[in-house]
Amino acid sequence: MKRAYVEIHCDGSHLPRNGAAYGGYEARVDGQLTRRWKGRVEAADSLEAEFQAVIRALRWAVKKGYQHVVVFTDCMALVRMVRAGARPGGKYARFIRRVAALARLIGSVWFQWVPRERNRQADMLCRAARKYA
């Protein structure tokens, strides 16, 4: 079944002292909570953790048949990179290509930076993943 529109708030974090990385996302349709996820992700740094959380969220959106997705994140670097596209040989090129491929499957995906205060639910999920992993 095709579904119209979903808003997804994503966050990721990386703990350099032990190399662990965590992600979380929260999805809402018409303001109603639809899905929450938190868990460990494979990432070498904080930006990779952010990308992994976004990729998890977009996979879920594809599976559920959403056609329009707005991804909110407090990571300006991720927003800029995704909007600009992958540079050949760039450190994060494989993540950008994966995000772009998932976005094509959805149809319409927009990435929007928000201040950390407006992304607190996803941040809390990410912190909870760290606490219970």
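Computed from a predicted model, the values in this text were never measured in an experiment.

Student: Honestly, the pattern of salt bridges in this entry has me stumped. Any pointers?
Tutor: For side chains of opposite charge, pairing can occur when their charged atoms come near one another. Counted according to the given criterion, the structure contains two salt bridges. Across the pair D45 and K91 runs a salt bridge, and its minimum N-O distance is 3.0 Å. A residue pair is termed long-range when its members are at least 10 positions apart, and D45 in the loop between β3 (32–40) and α1 (46–64) and K91 in the loop between α2 (76–84) and α3 (93–106) qualify at 46 residues. Exposure remark for K91: the relative accessible area of 55% places this residue in the exposed category. With its nearest N and O atoms 3.5 Å apart, the salt bridge here joins R116 to D74.

Student: What exactly am I supposed to notice about the packing of aromatic side chains here?
Tutor: Two aromatic rings, taken as a pair, are described by how far apart their centres are and by the angle between their planes. Counted under the stated rule, the structure contains five aromatic pairs. Relative to W60, the ring of Y25 lies with its centre 6.2 Å away and its plane at 45 degrees, an arrangement referred to as tilted. Separated by 35 residues along the polypeptide, Y25 in strand β2 (residues 20–29) and W60 in helix α1 bring together distant segments of the chain. Assigned by exposure class, Y25 and W60 land together as buried. Here the aromatic residues Y25, W37, W60 and Y66 are joined through ring pairs into a cluster of three or more.

Student: Would you mind going over the packing of α1 against α3 with me for this structure?
Tutor: The relative placement of two packed helices is expressed as an angle between their axes plus a distance between the axes. One way to put it is that α1 packs onto α3 with a least axis distance of 10 Å and a crossing angle of 20 degrees. One element, α1, and the other, α3, form an angle in the roughly parallel class. Handedness of the crossing formed by α1 with α3: left-handed. The segment α1 lies against α3, with E48, F51, Q52, V54, I55, L58, R59, A61 and V62 engaging R94, F95, I96, R98, V99, L102, L105 and I106. When grouped by side-chain class, the residues that make up the contact of α1 with α3 number 12 nonpolar, one polar and four charged.

Student: Could you clarify how one ought to interpret the confidence of the model for the chain in this entry?
Tutor: Should the pLDDT be low somewhere, the predicted coordinates at that spot are not to be read in detail. Of all residues in the chain, 95% have pLDDT values of 70 or greater, and the mean over the chain is 87. Across the chain, the element-wise mean pLDDT spans from 75 in helix α4 (residues 120–132) up to 96 in α3.

Each value, and the rule that gives it
Residues numbered from 1 in each chain as written. Predicted model: local features only at pLDDT ≥ 70, side-chain atom pairs only at ≥ 80, totals over all residues. Heavy atoms only, no water. Salt bridge = Lys/Arg side-chain N within 4 Å of Asp/Glu carboxyl O. Helix = DSSP H or I, 4+ residues; strand = E, 2+ residues; numbered from the N terminus. Buried < 20%, exposed > 50% of the residue type's maximum accessible area, 1.4 Å probe, protein only. Phe/Tyr/Trp six-rings, centres within 6.5 Å; stacked < 30°, edge-to-face > 60°. Axes fitted to C-alpha atoms, helices over the stretch in contact; angles between N-to-C directions. Parallel < 35°, antiparallel > 145°, perpendicular 65-115°, else oblique. Left-handed = near helix turned anticlockwise from the far one by under 90°. Contact = heavy atoms within 4.5 Å. Nonpolar A, V, L, I, M, F, W, Y, C, P; charged D, E, K, R; others polar. pLDDT = per-residue confidence, 0-100.

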